[in-house]
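Structural overview for review
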Amino acid sequence: MRIHFDEAKKIFEIQTNNTTYLMGLAYDRYLAHAYYGSKLEDTDVQYLLRAPYETEFEKYWFNREKVEKMDSLCHEYSAGGVGDFRDTPLMIRTEGGYHACELVYDSYEIMDGKPALEGLPSTFPSEHGAAKTLEICLKDELLCLKVYLRYSVFEDSDAIIRSVKVVNEGKEKIYLERVLSTCLDMDNEAFSLYTLHGSWARERDITGRPVTEGKHIVASLRGETSHQNHPFMMLTTNGTSQTEGRVYAMNFVYSGNFIAETELNQHGYVRMSMGINPTGFEWVLDPGAAFVTPEVVMVYSDTGLGHMTRTYHDLYRNHLIRSKYLHQKRPILINNWEATYFDFDDDKLVDIAREAHEVGIEMLVMDDGWFGKRNGDNCALGDWFVNEEKIRCGLKKLVERVNAEGLKFGIWFEPEMISPDSDLFREHPDYAIQVPGRTPAMSREQYVLDITRKEVRDCVYGRVKAILESANIEYVKWDMNRPLCDIGSYGLDREHMGEFYHRYVLGLYEMQERLLQDFPNLLLENCSGGGGRFDPGMLYYSPQIWTSDDMDPVMRLGIQEGTALIYPLSTMGAHICVCPNHTTGRVTPIETRANIAMAGTFGYELDITKVSEEDLEKMAACNKLYHRYNEIMREGDYYRIASYRETNYYDAFACVTKDKKECLMTFMNVLYRPNRQSIKLRLAGLAPDAKYRLEETDKVYSGDLLMKAGILVEPPMGDFFSKQYHFVME
Ligand code: GLA
């Protein structure tokens, strides 16, 4: 890790272990991007710091052809209105209604460490690696506006973390219409763009297409990251695989509206930009005020997708997730949602706990329906008081009874919501997000609370806190079941209404921070109608997030592959469902459901009091395997071996411990293919010279052989067969 400024050549150099990032001054004024890629020793890139198609002579024509130059330069961060006609990361408006802003290089600072972003989640230095930060100041003289570009790197990582601070040093207000966290201008290397898309119950499907002229935008305007689109994009060169090809990736550490954009311009330059979605956004920057953007994590890999994935996994495990549970085996939980939905009482929960303990389950999570008059999904959100018609013994006693059965106790909340049919709404109708005079559109028969207002946050958080203080509750599932619309707040005036979406996210972060401060031992799992808010921002607060409401193991292959493209397996909430599965109707063997759930936090979501003796025995066996293998999954390096997306019938992935002494491969033959006897799977990440024993057969192979020739698996006839292969170094 090294950050350096060459004063003579005016070149900034950021070095990670395997990558180099270079920028410098063009025309003695503008900060231009020169290079991002594989590590360079020779960084004399002055010749790249200019607009394309420029002869020596034309260089002196800058004033005559400034527009042409501004529009074609590879900017490090440009503002709109002075000739760069691509979508610029910054667009402002003055009190007079003018948009022009010209960012010129001013100064720089190189710091040890990495400043935290106030009120926002951010990566931090840790015992795994120190950090260095480069801050470059650009300014517009006329507006007295300063823009600080921040780049941080960690000793142990190839990621580069970027964010931007805008400071108004003038005497008039500045309206920020668009203020993104990154801009990266590069040559188009016949790139393909990959992003993650989906819907409820099928989140984060990996989707690719060639980069063509014009813009490609992936965005959310739902107030949350969303099931549909994801704040991630990567550009890959032709033939990129797990081990080959160049990959430029960006992931946004934020949980609200975002935009991820690629734009290919007339000169064959690609601009990748990412940040808060400018649609529906405007921020008023008073004189003296500053605005800080959330951060983007950029990763470059010249050895394909696998290195990119492992760089994100390690960065998030080492420098983003704060929870003390990160490196702990999480308790095997059983959640009563798909077991009972709203139809349960205290005795039913205790029955579940008793049976669960028999097979080695360690925690009971009481899901939706325990509060207010909630017997369906149409009422009572906001009334966070125990429903003593259902929990007749009271919450404290219920938790004691569950604890007495040998299980920990967890609880579900949806703190950001309010039902129109709730005492909270009857008392405070203004607490719901709404436009005066217009009935807000419902979703799941509920409204969203206006948590941009402190009194609303205090009220709801106070209720959540009182419940958590009333009993021995060790886990919270924080849910969020609808997107935001009908945007309006009684706490914001006309001029500041454009700040709503961002203030909502800041309010959410503030509430979760309070929860963690007040209950430092709490295990928090975030959730949003399944995986609608699975993002790095939420991982700063919770070490795990519910990946999807879809627990069908076949659907989970794609959902978990897309999620694990960026996020460590230890963050993915994954449970064994009942069969037929409630989302797909599919019937699969319990071992298969278990193997897929073991690639995440592991637990159950079924009525264990109705499970057959045979399945109970299998569950006990699966739980033992979880204890045996969880550390490899949680702490190891993840390798994608084969993808059902590509094979159309089988799937395999493996985790290898950091010391390479153990490898666990999970295989699933989704659909049986006749007249195809065996499948060859090449492992990865092993020590080539070491010998590995396959536990099941005791056969010994060299790491080299396993990686080059692979092993043969012969799935039996029938669909949905799955198996784990455990290799141990001799
Ligand atoms: C969401 C969650 C589910 C469950 C229900 C309860 O859909 O994703 O796991 O908690 O809400 O209403």
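Only a predicted model underlies this, so the values are computations on that prediction, with no experimental measurement involved.

In terms of regular secondary structure, the protein chain is built from 14 helices and 39 strands. Against the globule reference of 27 Å for 730 residues, the protein chain gives a C-alpha radius of gyration of 27 Å, in line with a compact fold. Taking the principal axes of the C-alpha coordinates as reference, the protein chain spans close to 85 × 70 × 45 Å. Each of the 730 residues in the protein chain was classed as buried or not, and the buried ones make up 62%.

Topologically, S255 is positioned in the loop between strand 15 (247-252) and strand 16 (258-264). Within the local environment of S255, its side chain forms a polar contact with the side chain of D535, the two groups lying 2.8 Å apart. If we ignore the near neighbours within four places in the chain, the residues touching S255 are G223, E224, T225, V505, Y509, R533, D535, G537 and M538.

Looking at the assigned domains, one finds that the protein chain contains domain 1 (2-319), domain 2 (334-414 + 454-480 + 521-629) and domain 3 (641-729). The gap between the C-alpha centroids of domain 1 and domain 2 is 38 Å. Counting residues at the interface gives 31 residues for domain 1, matched by 31 residues for domain 2. Across the domain 1-domain 2 interface, the total number found is 19 residue pairs in polar contact (both at pLDDT 80 or more). For the side of domain 1 that touches domain 2, the secondary-structure elements that each account for two or more residues are strand 12 (202-210), strand 14 (232-236), strand 15 and helix 2 (304-319). The dominant element in the side of domain 1 that touches domain 2, judged by the number of residues it contributes, is helix 2, at 6 residues.

With antiparallel pairing, 4 strands are arranged side by side in an open sheet as 1-2-3-4. Two strands bound the open sheet, and with one partner strand each, they are strand 1 (2-6) and strand 4 (30-38). Along the sheet, successive strands turn relative to each other by an average axial angle of 15 degrees, direction set aside. Looking at chain direction, strand 3 (residues 19-26) and strand 4 are connected through 8 bridges and run antiparallel. Pairing of M23 across the sheet is with H33, part of strand 4.

Right, let's get into the environment of R426. The residue R426 is located in helix 6 (residues 423-427) in this model. Aside from chain neighbours lying at most four places away, what touches R426 is P420 and D421. Side chain to side chain, R426 and D421 meet in a polar contact 3.0 Å long. Side-chain polar atoms of R426 contact the side chain of D423, separated by 2.9 Å.

Near the ligand there are 13 residues, and of these D367, D368, K477, G530 and D549 occur at the shortest range. Between the ligand and the protein, one listed contact pairs an oxygen atom with a side-chain N or O atom of N481 at 3.1 Å. Note that an oxygen atom of the ligand is positioned 2.8 Å from one of the backbone N or O atoms of G530. Summarising the interface, the protein chains cover 96% of the accessible area of the ligand, which totals 310 Å² for the free molecule.

Throughout the structure, instances matching the rule amount to 37 aromatic pairs. Where F252 meets Y254, the ring centres are 5.2 Å apart and the plane angle is 45 degrees; that geometry is what we call tilted. As far as the burial class goes, F252 and Y254 line up, both buried. Where Y312 meets Y316, the ring centres are 5.7 Å apart and the plane angle is 45 degrees; that geometry is what we call tilted. Placement of the pair is Y312 and Y316 together in helix 2, with a separation of 4 residues, close to one helical turn. An aromatic cluster is built from Y21, Y36, Y151, F191, Y248 and Y300, whose rings are joined through pairwise contacts.

The next thing to look at is the state of the cysteines. All told, the structure shown has 0 disulfides when counted by the stated rule. In this structure C577 is a free cysteine whose sulfur lies 5.1 Å from that of C579, the closest cysteine sulfur available.

Counting 181 residues, the largest nonpolar core has L90, L176, I411 and I608 as its most contacted members. The element best represented in this core is helix 8 (residues 500-518), accounting for 9 residues. Each residue touching L90, except ones within four places of it in the same chain, is listed here: Y77, S78, A79, G80, C101, L103, L145, V147, V166, L176, R178 and V179. Core analysis: the second largest hydrophobic core is formed by 25 residues, M665, L694, I711 and V713 among them.

Time to look at the pattern of salt bridges. As enumerated under the stated definition, the model contains 65 salt bridges in all. The closest approach of N and O atoms between R374 and D368, which form a salt bridge, is 2.8 Å. The buried category is assigned to R374, whose relative accessible area is 0%. Among the residues examined, D368 registers a relative accessible area of 1% and is labelled buried. Note that E499 is salt-bridged to R503, the shortest N-O span being 2.8 Å. For R503, a relative accessible area of 29% corresponds to the partly exposed category.

As a further point, take the pairing of strand 9 (residues 159-168). Counting buried positions over the 10 residues of strand 9 gives 9, a clear majority of the element. Where strand 9 meets strand 20 (residues 296-301), 4 bridges bridge the pair, whose relative direction is antiparallel. Residue I160 lies in a different strand from strand 20, and its bridge partner there is M298. Where strand 9 and strand 19 (residues 290-292) come together, 3 bridges link them in antiparallel fashion.

Conventions used here
- Residues numbered from 1 in each chain as written.
- Predicted model: local features only at pLDDT ≥ 70, side-chain atom pairs only at ≥ 80, totals over all residues.
- Heavy atoms only, no water.
- Helix = DSSP H or I, 4+ residues; strand = E, 2+ residues; numbered from the N terminus.
- Rg over C-alpha atoms; globule rule 2.2 N^0.38 Å.
- Buried < 20%, exposed > 50% of the residue type's maximum accessible area, 1.4 Å probe, protein only.
- Polar contact = N/O pair within 3.5 Å; in protein donor to acceptor, adjacent residues only side chain to side chain.
- Contact = heavy atoms within 4.5 Å.
- Domains from an automatic or database assignment.
- Pairing = 2+ DSSP bridges.
- Axes fitted to C-alpha atoms, helices over the stretch in contact; angles between N-to-C directions.
- Near = heavy atom within 4 Å.
- Areas by Shrake-Rupley, 256 points an atom, 1.4 Å probe, with all protein chains shown as cover.
- Phe/Tyr/Trp six-rings, centres within 6.5 Å; stacked < 30°, edge-to-face > 60°.
- Disulfide = S-S within 2.5 Å.
- Core = buried A, V, L, I, M, F, W, Y, C linked by side-chain atoms within 4.5 Å.
- Salt bridge = Lys/Arg side-chain N within 4 Å of Asp/Glu carboxyl O.

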